[in-house]
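Descriptive structure summary
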Amino acid sequence: MKIGMVLYPTYGGSGVVATELGKALAKKGNEVHFITYSQPVRLGKITKNIFYHEVSMSNYPLFDYPPYETELASKIVDVVLHEALDLLHVHYAIPHASAAFMAQQILKNKGIQIPYITTLHGTDITLLGKSPSFEPVISFCINSSAAVTAVSESLKKDTFSNFDINKEIHVIPNFVELSEGSDVIKRNDYAKQSQKILSHVSNFRPVKRIADVIKIFKIVSDALDSKLILVGDGPERYKAEALCRELDLCDKIVFIGKIPDSSQILKISDLFILPSQTESFGLSALEAMVEGVPIISSNAGGLIEVNINGETGYSSLVGNVKEMAQNSIALLKNDQLWSEMSNNCKERASKFSLENILPFYEKLYLESIK
Ligand code: GMT
């Protein structure tokens with residue numbers, strides 16, 4: 001099959017899922033054409049069957065806002081025509097589903113039929129999409145898709161309640177490649193032998209509640225000697241750094257910034273903290289679980305479909321910093337409980353392996369091109 005994969009190329013979960021999915025499909029002999037505005041961060045080395053088409057942006061001075069959606073739709077038309085694609089798979093509704101719809105209509109005019117599948121990832125539905133400035137377009141483009149997928153039951157429910165949807169939504173959860181165990185960094189690069197390591201990985205957007213991560217860590221580090229490693233970057237980083245100084249935690253918190261492979265930090269972590277305001281799935285939590293790292297999270301959205309309370313870690317109400325800290329301390333002080341939860345994490349994560357999840361996408365692809 002020849003597939004056009006439309007995605008955000010950045011560190012966000014939707015881009016990671018799209019890129020890893022494309023790589024896996026290419027390995028199985030499909031031709032995968034990534035279409036986006038810069039090289040996807042997780043793409044790594046280009047291999048046979050993988051192609052990247054860059055959407056170049058015009059900077060004509062008339063435009064206060066460059067018309068990305070129009071340039072994307074034109075690029076999709078070009079790639080479908082010249083590479084003879086069978087199918088488009090767009091990740092994140094805004095503006096990818098509407099660009100795909102536009103491209104589809106242009107191609108129809110040229111006698112070419114191409115279906116598009118839309119995968120909803122989270123904030124396209126839970127934050128942005130439900131705003132009246134997006135809703136009519138998003139509802140229309142979701143309904144015009146050949147198939148629609150959402151990454152959790154919670155996101156499926158939110159989509160039906162926020163939009164006027166008349167299509168079936170297939171839940172296909174995020175997936176992970178099971179850990180390969182290449183240790184480049186060592187625990188003692190970041191912490192003393194006696195210290196526990198807590199970590200958090202995100203794009204530092206307000207929705208991730210980074211201040212809660214730091215406040216949880218403050219209570220934990222008052223109770224036991226520990227370090228916090230923060231991976232990622234984004235708009236909340238300045239505030240987070242200021243809070244570390246205010247709480248006098250600078251020597252205990254490491255800001256690593258964006259790195260291509262967060263698994264290196266997860267492998268040396270004892271606990272992963274994800275107290276998000278909303279989270280449709282929580283790919284970063286799943287990536288921690290693969291490494292056997294128990295999760296302390298909020299119970300927002302689809303997080304409770306990933307982190308099973310009392311089994312793979314604990315989940316609490318959004319903002320309940322005290323409870324999240326108490327659960328962290330109890331878990332880190334109890335070696336037997338920690339080992340049980342660590343094993344449970346690995347076992348649960350294996351249910352979301354690439355080999356288990358990929359067939360659901362393949363099935364939808366085949367049904368859509370029939
Ligand atoms: O905010 C992020 O985490 C990035 C965002 C994205 O769209 O790139 O992630 C969303 O999609 C991921 C992959 O499906 C999910 O695992 C994340 O839970 C989801 N983020 C939110 O819902 C906040």
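About the criteria used
Residues numbered from 1 in each chain as written. Predicted model: local features only at pLDDT ≥ 70, side-chain atom pairs only at ≥ 80, totals over all residues. Heavy atoms only, no water. Patch = residues over 30% accessible without salt bridge, like charges linked within 9 Å, V, L, I, M, F, W, Y side chains within 5 Å. Areas by Shrake-Rupley, 256 points an atom, 1.4 Å probe, with all protein chains shown as cover. Salt bridge = Lys/Arg side-chain N within 4 Å of Asp/Glu carboxyl O. Helix = DSSP H or I, 4+ residues; strand = E, 2+ residues; numbered from the N terminus. Axes fitted to C-alpha atoms, helices over the stretch in contact; angles between N-to-C directions. Parallel < 35°, antiparallel > 145°, perpendicular 65-115°, else oblique. Left-handed = near helix turned anticlockwise from the far one by under 90°. Contact = heavy atoms within 4.5 Å. Nonpolar A, V, L, I, M, F, W, Y, C, P; charged D, E, K, R; others polar. Near = heavy atom within 4 Å. Polar contact = N/O pair within 3.5 Å; in protein donor to acceptor, adjacent residues only side chain to side chain. Buried < 20%, exposed > 50% of the residue type's maximum accessible area, 1.4 Å probe, protein only. Pairing = 2+ DSSP bridges.

Turning our attention to a nonpolar patch on the surface. Taken together, the side chains of Tyr60, Leu62 and Phe63 present a nonpolar region at the surface, about 350 Å² in accessible area. Tracing the sequence through the fold places Leu62 in the loop between β3 (50-54) and α2 (68-83).

Helix α12 (residues 321-333) packs onto helix α7 (residues 210-223) with a crossing angle of 45° between their chain directions and a minimal axis gap of 9 Å. Classified by the angle their axes make, α7 and α12 are oblique. Pair α7 / α12 crosses with right-handed handedness. Contacts from Asp212, Lys215, Ile216, Ile219, Val220 and Ala223 of α7 reach α12 at Val321, Lys322, Met324, Ala325, Ser328, Ile329, Leu332 and Lys333. Of the residues assigned to the contact of α7 with α12, the class counts are 9 nonpolar, 1 polar and 4 charged.

Turning our attention to the site of the ligand. Near the ligand you find 18 residues, and of these His121, Asn174, Lys208, Glu279 and Ser280 are the closest. Residue His121 places a side-chain N or O atom 2.7 Å away from an oxygen atom belonging to the ligand. A distance of 2.7 Å separates an oxygen atom of the ligand from a polar side-chain atom of Asn174. In the complex, 94% of the free accessible area of the ligand, which totals 480 Å², lies under the protein chains. Looking at the shell around the ligand element by element, the count peaks at 3 residues for helix α1 (residues 13-27). Its residues assigned to classes, the shell around the ligand shows 5 nonpolar, 11 polar and 2 charged.

With that settled, the discussion passes to the side chain of Gln104. By secondary structure assignment, the location of Gln104 is in helix α3 (residues 93-109). Non-local contacts of Gln104, meaning those with residues more than four positions away in its chain, are made with Ile114, Pro115 and Tyr116.

What follows deals with the environment of Tyr190. Mapped onto the elements, Tyr190 comes out in the loop between β7 (169-171) and β8 (196-202). According to the relative accessible area criterion, Tyr190 is partly exposed, its value standing at 22%. For the pair Tyr190 and Ile268, spaced 78 residues apart in sequence, the C-alpha to C-alpha distance is 9.1 Å. Apart from residues no more than four positions distant in its own chain, Tyr190 is found in contact with Ile185, Lys227, Ile229, Val254, Ile256, Ile265 and Ile268.

The subject of this paragraph is the pairing of strand β6 (residues 147-150). Because side chains alternate across β6, one face comprises the buried residues Ala147 and Thr149, and the other comprises Val148 and Ala150, equally buried. Strand direction decides the pairing type here: strand β5 (residues 116-120) and β6, joined by 4 bridges, are parallel. If you follow Thr119 over to β6, its bridge partner there is Thr149. As paired strands, β6 and β7 are joined by 3 bridges and run parallel to one another.

No statement about biological role is implied by the geometric values presented.
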